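Residue-level listing of the chains:
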Amino acid sequence: MFHIGPLGHAIRLKLIHNYIAFANVAAWCEGFALGAKEGLDLSQVIGIISAAGAKSGMLDLYGQATLEGDFTPLMSLANARKDVRYYARWLEEAGLPGFMAEAVHQTYRQAALLGHDGESCTAVIKAYEAVTGVDARVGAKAPQQGT
């Protein structure tokens with residue numbers, strides 16, 4: 001248990017934490033999609049990322065399941081989207097730019113528009129797959145050249 005400060009500080013810290021966690025998920029989902037498009041072995045991609053500087057708790061918790069196509073919601077995409085939206089609004093209200101926050105929010109929003117709100121927060125990868133036509137899963141076949 002942590003003492004954060006006056007009333008309201010804990011929820012603010014929760015939003016900062018969740019935004020960073022979900023931005024991380026969006027980043028590695030995008031990276032997985034690019035790796036799949038370029039024919040990289042996604043087992044190696046996740047293995048190296050997990051052993052290097054981009055290692056994260058979210059990758060440890062969700063990375064392998066995402067690549068295996070398991071979108072069982074421990075944290076739903078709808079809840080992730082809500083927290084990222086609140087964070088982006090908070091930045092605006094504070095008079096700070098939300099360069100990344102808006103991009104992350106729109107990434108989750110696109111996945112929601114495609115019908116994935118009830119799935120895991122990692123179903124954001126399905127937005128990348130839908131837009132690119134790339135199957136970003138372990139064992140997926142690399143796209144043919146020219147596609």
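Residues numbered from 1 in each chain as written. Predicted model: local features only at pLDDT ≥ 70, side-chain atom pairs only at ≥ 80, totals over all residues. Heavy atoms only, no water.

## What about the overall build of the chain?
1) Next: For the chain, the count of helices and strands is six helices and zero strands.
2) Next: Helices and strands appear in the chain in the N-to-C order α-α-α-α-α-α.
3) Next: For the C-alpha atoms alone, the extent of the chain along its principal axes is close to 55 × 30 × 25 Å.
4) Next: Restricting to contacts in the chain with at least 6 residues of sequence separation, those with at least 24 account for 72%.
5) Next: Surface exposure of the chain reaches about 8600 Å², of which carbon and sulfur atoms provide 59%.
6) Next: Side chains of the chain carry 12 positive and 14 negative charges; the gap between the two charge centres is 5 Å. (Helix = DSSP H or I, 4+ residues; strand = E, 2+ residues; numbered from the N terminus. Contact = heavy atoms within 4.5 Å. Areas by Shrake-Rupley, 256 points an atom, 1.4 Å probe, with all protein chains shown as cover. Lys, Arg positive; Asp, Glu negative; His and termini not counted. Charge placed at Lys NZ, Arg CZ, Asp CG, Glu CD.)

## Observations regarding the packing of aromatic side chains
For any two aromatic rings, the description comes down to two numbers: the centre-to-centre distance and the angle of the planes.
1) Next: One pass over the full model with this rule turns up four aromatic pairs.
2) Next: Here Phe22 and Tyr108 contribute two aromatic rings whose centre-to-centre distance is 6.2 Å and whose plane-to-plane angle is 65 degrees, an arrangement assigned as edge-to-face. In this pair, Phe22 is assigned in helix H1 (residues 9-37) and Tyr108 in helix H5 (residues 99-113), connecting sequence segments 86 residues apart.
3) Next: Residue Phe22 is classed as buried on the basis of its relative accessible area, which comes to 3%.
4) Next: Of the residues examined, Tyr108 reaches a relative accessible area of 0% and is grouped as buried. (Phe/Tyr/Trp six-rings, centres within 6.5 Å; stacked < 30°, edge-to-face > 60°. Buried < 20%, exposed > 50% of the residue type's maximum accessible area, 1.4 Å probe, protein only.)

## Some remarks on the environment of Gly31
1) Next: Inspection of the secondary structure assignment puts Gly31 in helix H1.
2) Next: Spatially, the C-alpha atom of Gly31 lies 17 Å from that of Leu61, the residues being 30 residues apart in sequence.

## Regarding the environment of Ala65
1) Next: With respect to the element layout, Ala65 can be found in helix H3 (residues 57-67).
2) Next: For Ala65, a relative accessible area of 22% gives the class partly exposed.
3) Next: Spatially, the C-alpha atoms of Ala65 and Arg137 are 9.5 Å apart, while their sequence positions differ by 72 residues.

Coordinates in, geometry out; function isn't part of it.
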